[in-house]
Amino acid sequence: MPLIRISPPWQLPEKRVTPEADYLRRRRFLKQMIGTGLGIGTATLPLWQQPYSWGETSSDPAIAPIFTDAPTHSDFQQVDRPVTLEEIATTYNNFYEFGYPKDIWKKAQVLPTDPWQVTVSGLVKQPRTYDLDDLRQRFPLEERIYRFRCVEAWAMVVPWIGFPMRLLMDDVDPLPQARYVRFTSFYDREIAPGPLWPPSLPWPYVEGLRLDEMANELAFFALGMYDKPLPKQNGAPIRMVIPWKYGFKGAKSVVSIEFVAEQPATFWNTVSPHLYGFESNVNPAVPHRRWSQETETLVGSGPESEWERYPTLLYNGYGEYVADLYS
Ligand SMILES: Nc1nc2c(c(=O)[nH]1)N[C@H]1C(S)=C(S)[C@@H](COP(=O)(O)O)O[C@H]1N2
Ligand SMILES: [Mo]
């Protein structure tokens, strides 16, 4: 398949980033286009911009509108920074199963995402296995514009489409003994072997939350972003989004969710317990061993050496929602 090379994002004719107003206007415009049945010619678009790409069902025009129709949650319509350009958020990624470089989006296109199943098991009254249709139909989709902060001190603002984790919890009904939740990403060494070094990385990628963190209003499962199903490089077909924690807490391409009694071992915490704590809430006062966390750069806000710097906020600015979890 021919890959279309795009210019570096800061050379795009649009502004460096998409102001909220423009983003919202574009969203309404797209809805109208779909409403009137006027498709936009998409064959020439790069892979990650094509409207619907869950494998075999990608030609099903009935599916795409559920993403554009998802209402924007009134509390999460904007943040105090511009929404990151889609072209940036989908080409500057961490997905180590496909290697270390930020441009793994090309390699990630081999991720098989259809069929897909998410198994929910462990200390629950109603163990369940969801396929993609179950996930899309059982849980009402909404849009939320969230800040995103990687432990590497870069940040983005992403319009996610998905549903609160709380709804899935209610659906499986955790037992009283359940105190933690363990989330496991897709792993298939034949398809995505991960970096060759170090050879001992503890695959698969596993992340964990306390039960009350998962129940928090902000904890979210994303099925889409920018009105479209998630691109593979961003963790298709379903990923965690925990906006008050560092980005690595948000496992991509989730296949298993287990309710457990004890704090689970996680990927990064196993690699380096003192660098990557289980909790890993965004906190400007706690430096990484090799860099300060006091400020962060906004990805895509110009050529990389000139990215805008902002102060890091405790809990990534979401203290009002989560601070009482940690008092
Ligand atoms: N399975 C898996 N999930 C993952 C990662 C990964 O390497 N593998 N990287 C994490 C890190 S470090 C970050 S910052 C975010 C990046 O998400 P994005 O590429 O959509 O911005 O995904 C997180 N989830
Ligand atoms: Mo990260």
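Residues numbered from 1 in each chain as written. Chains lettered and ligands numbered in written order. Predicted model: local features only at pLDDT ≥ 70, side-chain atom pairs only at ≥ 80, totals over all residues. Heavy atoms only, no water.

### Re the pattern of salt bridges
- According to the stated counting rule, one finds 19 salt bridges in the structure shown.
- Salt bridges here are not isolated pairs; linked through shared partners, they connect D80, R81, R147, R149 and E296. (Salt bridge = Lys/Arg side-chain N within 4 Å of Asp/Glu carboxyl O.)

### Description of the side chain of T266
- Take T266: it is sitting in the loop between β10 (254-260) and α7 (267-271).
- A distance of 3.5 Å separates the side chain of T266 from the backbone nitrogen of N269, its partner in a polar contact. (Helix = DSSP H or I, 4+ residues; strand = E, 2+ residues; numbered from the N terminus. Polar contact = N/O pair within 3.5 Å; in protein donor to acceptor, adjacent residues only side chain to side chain.)

### Observations regarding the sheet that holds strand β1 (residues 117-122)
- Taken in spatial order, the five strands of this open sheet run β2-β1-β10-β5-β6, and their pairing is mixed. Both edges of this open sheet fall to β2 (128-131) and β6 (206-210), since each of them pairs with a single strand only. Taken pair by pair, the neighbouring strands of this sheet meet at an average axis angle of 15 degrees, ignoring direction.
- Direction of pairing for β1 relative to β2: antiparallel, over a ladder of four bridges. The partner of V120 across the bridge, within β2, is R128.
- Against the sheet, helix α5 (residues 165-172) makes contact with β1, β2, β5 (180-185), β6 and β10, and its axis sits at roughly 135 degrees relative to β2, the strand it touches most. (Pairing = 2+ DSSP bridges. Axes fitted to C-alpha atoms, helices over the stretch in contact; angles between N-to-C directions. Contact = heavy atoms within 4.5 Å.)

### Concerning the side chain of S256
- Along the polypeptide, S256 turns up in strand β10.
- Classification of S256 as buried rests on a relative accessible area of 15%.
- At 3.5 Å, the side chain of S256 forms a polar contact with the side chain of E258.
- Not counting chain neighbours up to four residues away, the residues in contact with S256 comprise T119, R182, F183 and T184. (Buried < 20%, exposed > 50% of the residue type's maximum accessible area, 1.4 Å probe, protein only.)

### Quick look at the nonpolar core
- Residues W160, M214, F221, W244, I257 and F259 are the most contacted members of the largest nonpolar core, which totals 84 residues.
- Beyond its immediate stretch of four places on either side in the chain, W160 contacts E142, E143, R144, Y146, F148, F220, A222, G224, M225, L230, R239 and V241. (Core = buried A, V, L, I, M, F, W, Y, C linked by side-chain atoms within 4.5 Å.)

### Observations concerning the pairing of strand β7 (residues 220-225)
- Counting buried positions along β7 yields six of six residues, so the element is predominantly enclosed.
- Both β7 and strand β9 (residues 239-241) contribute to a ladder of three bridges, which runs antiparallel. From the neighbouring strand, F220 faces β9, where its bridge partner is V241.
- The antiparallel hairpin formed by β7 and strand β8 (residues 228-229) contains two residues in its connecting segment, where Y226 sits at a positive phi of about 50 degrees.

### Thoughts on the site of ligand 1
- By nearness alone, 18 residues border ligand 1, and Y96, E97, R239, G250 and K252 come closest of all.
- For ligand 1, an oxygen atom lies 2.6 Å from a polar atom in the side chain of R239.
- The contact in question runs from a nitrogen atom of ligand 1 to an N or O atom on the backbone of G250, over 2.8 Å.
- Calculation on ligand 1 without its partners gives an accessible area of 540 Å², and the protein chains cover 99% of this total.
- Split by residue class, the shell around ligand 1 holds nine nonpolar, six polar and three charged. (Near = heavy atom within 4 Å. Areas by Shrake-Rupley, 256 points an atom, 1.4 Å probe, with all protein chains shown as cover. Nonpolar A, V, L, I, M, F, W, Y, C, P; charged D, E, K, R; others polar.)

### Things to note about the environment of Q126
- Assignment of secondary structure puts Q126 in the loop between β1 and β2.
- For Q126, the contacting residues outside a window of four places in its chain are D171 and V172.

### Thoughts on the packing of aromatic side chains
- One pass over the full model with this rule turns up 24 aromatic pairs.
- Relative to W154, the ring of Y92 has its centre 5.1 Å away and its plane inclined at 85 degrees; by these criteria the two rings are edge-to-face. Of this pair, Y92 sits in the loop between α3 (86-89) and β1 while W154 sits in strand β4 (residues 154-164); the two residues are 62 residues apart in sequence, bridging distant segments of the chain.
- Owing to a relative accessible area of 14%, Y92 belongs among the buried residues under this scheme.
- Note on W154: relative accessible area 6%, which makes it buried.
- One aromatic cluster is present, formed by Y96, Y100, Y187, W203, Y205, F248, F267, W268 and Y276 through successive ring pairs.
- Stacked on the ring of Y310, the Lys or Arg R81 has its end atom at 4.4 Å from the ring centre.
- For K249, the ring lying beneath its charged end belongs to F278, and the centroid distance is 4.2 Å. (Phe/Tyr/Trp six-rings, centres within 6.5 Å; stacked < 30°, edge-to-face > 60°. Lys NZ or Arg CZ within 6 Å of the ring centre and 35° of its normal.)

### Focus on the confidence of the model for the protein
- Looking at the protein, the pLDDT average stands at 86 and 80% of residues meet or exceed 70.
- Segment residues 45-62 is flagged for pLDDT under 50; beyond a separation of four residues in sequence, or across chains, it makes 45 contacts in the model. (pLDDT = per-residue confidence, 0-100.)

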